[in-house]
Amino acid sequence: MNPITLMIIYFTILTGPVITMLSSNLFIMWIGLEMNLLALIPLMINNSNPRSTEAATKYFLTQATASMILLFSIVMNFKQMGLWTFQPETNSMILATTFISLAIKLGLAPFHSWLPEVTQGIKLKVGLILLTWQKVAPLSILLQYYELLDHKLLISSAIISVLIGAWNGLNQTQTRKIMAYSSISHMGWMVSVLPFNPSLTILNLLIYITMTTPMFMIFHTHSFTSISSMSLMWNKMPMALPMVSMILLSTGGLPPLTGFLPKWAIITELLKNNNLILATLMAMTALINLFFYTRLIYSTSLTTFPTNSNSKMYIHQNYKKTNNILSPLTIISTMMLPLTPLLL
């Protein structure tokens, strides 16, 4: 792709959510979401193949549907109230349709089915943008208007997301689909605490992004697209084995790693607000998540899969790919738990 075109696309992807976050006008927020949506599609179909074209089509159709529902809600609110912002007097049906449109954009259950398929069909670096930066703008709208939304609706969607993200991730062999279901589960954790403590939602989002980014960097650098391809890590990059294992365990929420911090804080907040059943259910599903991350570690470091390659010692070959951001991101995503008193 032309470098100038690529620069314009990345600039649009960067500025779209920023416009949405900084605006209090619903129509401007919608424009920011549309900028983000339309800028990502050229990246998806760059070096196109049938899988990427299919993924881009699914992404466009679902996101366009969500945008249409959101714009409909905004226009109906303007017709009712004469304002470009939601108010406590806004019709509950308008607020419900707004949440549905944002849930589709975030990949929250039960509107999640597009996310694993789209993530599987695109490149790893585009998948990283889809699962991290693309979540910022819809979440910023939820953070502005969460008090007006039906809290039962939020919590119901959160429970379903956590359960589906955990159970469906169990039988996946493709790394991109595993990370997609992990994203659905993490979104459920963020939305579950939103009615009680929105600052914990922001903290969870930041930690999720810092844990997901190094994993996708490793997957992209070495083209790890499936569990079987990850089984060759021991002879491609043996020094990275403990690093990958720690990031995966941190993403699963195992103490004393960074990923334990948001889960601990969210469960504590839910218990403070007498949501005992919800907290117990989410803690149990966290164990299921931890299981399929542990399975990735097992196939990476404790097994040697059959391979057709005669050369098994790739470590002796010249390997020039380096990533300067990976080391600090790994440290942040695994060793930040002692800073918990400062963060909370």
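How each quantity is defined
- Residues numbered from 1 in each chain as written.
- Predicted model: local features only at pLDDT ≥ 70, side-chain atom pairs only at ≥ 80, totals over all residues.
- Heavy atoms only, no water.
- UniProt positions renumbered as here; feature names shortened; annotations may be inferred.
- Helix = DSSP H or I, 4+ residues; strand = E, 2+ residues; numbered from the N terminus.
- Salt bridge = Lys/Arg side-chain N within 4 Å of Asp/Glu carboxyl O.
- Axes fitted to C-alpha atoms, helices over the stretch in contact; angles between N-to-C directions.
- Left-handed = near helix turned anticlockwise from the far one by under 90°.
- Contact = heavy atoms within 4.5 Å.
- Nonpolar A, V, L, I, M, F, W, Y, C, P; charged D, E, K, R; others polar.
- Buried < 20%, exposed > 50% of the residue type's maximum accessible area, 1.4 Å probe, protein only.
- Polar contact = N/O pair within 3.5 Å; in protein donor to acceptor, adjacent residues only side chain to side chain.
- Expected span 1.5 Å × (residues − 1).
- Phe/Tyr/Trp six-rings, centres within 6.5 Å; stacked < 30°, edge-to-face > 60°.
- Lys NZ or Arg CZ within 6 Å of the ring centre and 35° of its normal.

## Some points on the UniProt feature "transmembrane region" (unreviewed entry) in the protein
No. 1: Within this structure's numbering, the places UniProt gives as "transmembrane region" (unreviewed entry) are residues 5-22, 59-78, 93-114, 126-146, 152-171, 202-219, 239-257 and 277-298.
No. 2: For residues 152-171, the end-to-end C-alpha separation is 30 Å, with 90% helix and 0% strand making up the annotated structure.
No. 3: The distance from the first to the last C-alpha atom of residues 202-219 is 26 Å, and the span holds 100% helix and 0% strand.

## A few points about the pattern of salt bridges
No. 1: Using the criterion set out here, one finds two salt bridges in the structure.
No. 2: Between Glu-54 and Lys-58 there is a salt bridge, with the nearest N and O atoms lying 2.9 Å from each other. Of the two residues, Glu-54 and Lys-58 both sit in helix α3 (residues 50-81), four residues apart, roughly one turn of that helix.
No. 3: Between Glu-117 and Lys-177 there is a salt bridge, with the nearest N and O atoms lying 3.3 Å from each other. Taken together, the residues span a long stretch of sequence, with Glu-117 in helix α5 (residues 114-121) and Lys-177 in helix α9 (residues 175-193) at a distance of 60 residues.

## Digging into the packing of α9 against helix α14 (residues 260-272)
No. 1: Taken N-terminus to C-terminus, the directions of α9 and α14 make an angle of 35°; their axes are 10 Å apart at the nearest point. As for the relative orientation of α9 and α14, their crossing is left-handed in sense. Residues His-186, Trp-189, Ser-192 and Val-193 of α9 touch α14, and the partners they reach there are Lys-263, Ile-266, Ile-267, Glu-269 and Leu-270.
No. 2: Looking at the contact of α9 with α14 residue by residue, the class counts come to five nonpolar, two polar and two charged.

## Side note on the environment of Leu-270
No. 1: In this structure, Leu-270 sits in helix α14.
No. 2: By relative accessible area, which is 0% here, Leu-270 ends up buried.
No. 3: The spacing of Leu-270 and Ala-166 is 104 residues in sequence and 20 Å in space, taken between C-alpha atoms.
No. 4: Discounting residues that sit within four places of it in the chain, Leu-270 has contacts with Ser-192, Phe-196, Asn-275, Leu-278, Ala-279 and Met-282.

## Things to note about the side chain of Gln-172
No. 1: Assignment of secondary structure puts Gln-172 in the loop between α8 (151-169) and α9.
No. 2: The class of Gln-172 is buried, set by a relative accessible area of 13%.
No. 3: Within the structure, the side chain of Gln-172 is placed 3.3 Å from the side chain of Asn-171, a separation counted as a polar contact.
No. 4: Not counting chain neighbours up to four residues away, the residues in contact with Gln-172 comprise Lys-177, Ile-178, Tyr-181, Ile-227 and Arg-295.

## Observations regarding helix α13 (residues 241-252)
No. 1: Here α13 contains twelve residues, and its C-alpha end-to-end distance of 17 Å stays within 8% of the 16 Å for a straight helix at 1.5 Å per residue.
No. 2: Extensive coverage of α13 is indicated by the burial of nine of its twelve residues.
No. 3: Restricting attention to buried positions, one finds in α13 the residues Leu-241, Met-243, Val-244, Ser-245, Ile-247, Leu-248, Ser-250, Thr-251 and Gly-252.
No. 4: Where α13 ends, the next residue or the one after it, Gly-253, has phi of about 90°, a positive value.

## Focus: the packing of aromatic side chains
No. 1: According to the stated counting rule, one finds eight aromatic pairs in the structure shown.
No. 2: Aromatic side chains Phe-27 and Trp-30 sit 5.7 Å apart centroid to centroid with 25° between the ring planes, which places their arrangement in the stacked category. You can see Phe-27 and its partner Trp-30 sitting in helix α2 (residues 26-44), three residues apart, about one turn around the helix.
No. 3: For Phe-27, a relative accessible area of 34% translates into the label partly exposed.
No. 4: The buried category is assigned to Trp-30, whose relative accessible area is 17%.
No. 5: Pairing Tyr-59 with Trp-114 gives two aromatic rings, centres 5.8 Å apart and planes at 55°, and the pair type is tilted. With Tyr-59 in helix α3 and Trp-114 in helix α5, the pair connects residues that are 55 residues apart, well separated along the chain.
No. 6: Taken together through their ring pairs, the aromatic side chains of Phe-27, Trp-30, Phe-78 and Trp-84 make up a single cluster.
No. 7: Above the plane of the ring of Trp-189 lies Lys-263, whose end atom (NZ or CZ) is 5.2 Å from the centre.

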